[in-house]
Amino acid sequence: MSPSAADSTTPAIQTAGLGKRFGRQWALAHCDLQVRTGEVVLLAGANGSGKTTLLRLIAGLDKPTLGSMTIYGMDPAQEKLACRRTLTLVGHDNYLYSQLTALEMIQVWTRLRGAELAETEAIELLREVDLDERRDTPVGGFSAGMRKRLTLLRTRLEEPKLVLLDEPFSALDASGQRLIEEWIEGYRSAGKTVVLASHNLPRSSRLCDRAILLHQGQILWQGSGKDLLDRVGTTV
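Residues numbered from 1 in each chain as written. Predicted model: local features only at pLDDT ≥ 70, side-chain atom pairs only at ≥ 80, totals over all residues. Heavy atoms only, no water.

K.L.:
Now, about the packing of aromatic side chains: what can you tell me, with residues and values included?
P.N.:
All told, the structure shown has zero aromatic pairs when counted by the stated rule. Sitting above the plane of the F22 ring, K20 keeps its charged end 5.2 Å from the centroid. (Phe/Tyr/Trp six-rings, centres within 6.5 Å; stacked < 30°, edge-to-face > 60°. Lys NZ or Arg CZ within 6 Å of the ring centre and 35° of its normal.)

K.L.:
How would you explain the sheet that holds strand β4 (residues 66–71) if you had to name every residue and give the values?
P.N.:
Spatial ordering of the open sheet is given by β2-β1-β4, a layout of three strands whose pairing is antiparallel. In the strand order of this sheet, the two ends are held by β2 (25–35) and β4, each with one partner. For this sheet the average axis-to-axis angle between neighbouring strands, irrespective of direction, equals 25°. Examined bridge by bridge, strand β1 (residues 13–22) and β2 share seven bridges and lie antiparallel to one another. (Pairing = 2+ DSSP bridges. Helix = DSSP H or I, 4+ residues; strand = E, 2+ residues; numbered from the N terminus. Axes fitted to C-alpha atoms, helices over the stretch in contact; angles between N-to-C directions.)

K.L.:
Give a description of the pattern of salt bridges that names residues and reports values.
P.N.:
Where charged atoms of side chains with opposite charge meet at close range, the side chains can pair. Evaluation of the coordinates by the stated rule reveals 15 salt bridges. Two residues, E181 and R203, come together in a salt bridge whose shortest N-O distance is 2.9 Å. One end of the pair, E181, is in helix α7 (residues 174–189); the other, R203, is in helix α8 (residues 201–207), with 22 residues separating them in the sequence. Under the relative-accessibility criterion, R203 is labelled buried at 14%. (Salt bridge = Lys/Arg side-chain N within 4 Å of Asp/Glu carboxyl O. Buried < 20%, exposed > 50% of the residue type's maximum accessible area, 1.4 Å probe, protein only.)

Spatial relationships are all this shows, so hold off on functional conclusions.
In structure tokens:
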């Protein structure tokens, strides 16, 4: 099924018995998951619970050891490129080139998509994350928070149907965290699907339609964001 053929009734993500093993250690096991199109889903759990592994499998960066998965009805094993075109992952690796300026990074990302972006449009994007006045500064001199803000702009550039965010609030100050909240709310309003892994439960739980608690590579519990806070408190 092509991305255009998928509609709101087609799950954005469907997995059955999905598992990933590194050596003798299972990072994810027996994962049966369905994420509806337009849903915002929070992945919660301690470090090593399988959150990042699951996001990387969905993004196609790792291959599953066991099980099956579809992205908007497409099998990544058969339609890898089409699946990747539907999504973007902002993870722990920022893929920034320290010698390039913020403006040049925007232009590089745009050209990698086979598109062009006017400099005025690129500056306007940088203004969204308060980096427009640093547009000619090499990103190697940016703080961790500034680098995170720049990296998160890829979700605006690539216009994905599925947004995968791994710890989107980390390294950001309060204004940066509020901005990400606004973006996620905007993605939901636009019918996009968002899956985020986060330790910041007070913020992420109120954004999500559904929370999933992972433990030792398996889904332990699913419910509302409020019920998650009642179950585990504000940290996990």
